[in-house]
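Coordinates in review
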Amino acid sequence: MDADPYLRKLHFRAHHRGTREADAMVGGFFDRYHKQWNEADFAWFERLLEEQDVDIMAWAMQTAAPDPNFAGPMMDLLQRLDFISLPEGLNTADK
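Residues numbered from 1 in each chain as written. Predicted model: local features only at pLDDT ≥ 70, side-chain atom pairs only at ≥ 80, totals over all residues. Heavy atoms only, no water.

1. So, the environment of tyrosine 6
Worth spelling out the cut-off: Numbering of helices and strands runs from the N terminus; a helix is a DSSP stretch of H or I covering at least four residues, while a strand is a stretch of E covering at least two. Remark: exposure states derive from per-residue accessible area (1.4 Å probe, protein chains only) relative to the maximum for the residue type, with buried under 20%, exposed over 50%, and partly exposed in between. A contact between two residues is defined here by any heavy atoms of the two lying within 4.5 Å.
Counting through the fold element by element, tyrosine 6 comes out in helix α1 (residues 5-15). By relative accessible area, which is 30% here, tyrosine 6 ends up partly exposed. Leaving out residues up to four positions away in the same chain, tyrosine 6 has contacts with Phe42 and Glu46.

2. Looking at the nonpolar core
For the record, the criterion: Buried residues of nine kinds, namely Ala, Val, Leu, Ile, Met, Phe, Trp, Tyr and Cys, make up a nonpolar core once their side-chain atoms join them within 4.5 Å.
By size, the foremost hydrophobic cluster in this structure holds 25 residues, and its most contacted members are Phe29, Phe30, Trp37, Trp44, Phe45, Leu48 and Leu78. Broken down by secondary-structure element, the contributors of at least two residues to this core are α1, α2 (20-33), α3 (39-49), α4 (53-61) and α5 (73-80). Broken down by element, the residue count for this core peaks at 6 residues, all from α2. Once you skip the residues sitting within four places of it in the chain, leucine 78 turns out to touch Phe29, Trp44, Leu48, Ile56, Ala60 and Phe83.

Honestly, it's all geometry; don't read function into it.
Have a look at this one:
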């Protein structure tokens, strides 16, 4: 874990959303990409953390259009969903 208190705070908030699905999505996004973010990207992510999980998940899965305030390269990264790893036994594609 990073020693920077700011990063620890964001990590905690990203991984403690309220549901396992949101934890995996938002936390996984943070874990995968935060090391390459600049100040504006961190500000975007902090604003995203204030949104409702259902909205974030719908935007990421592209079942709802994202709020225009979140459109752009960071939303494009979130929509890739290449950062989510499912716990063993939850991959229904194997069944």
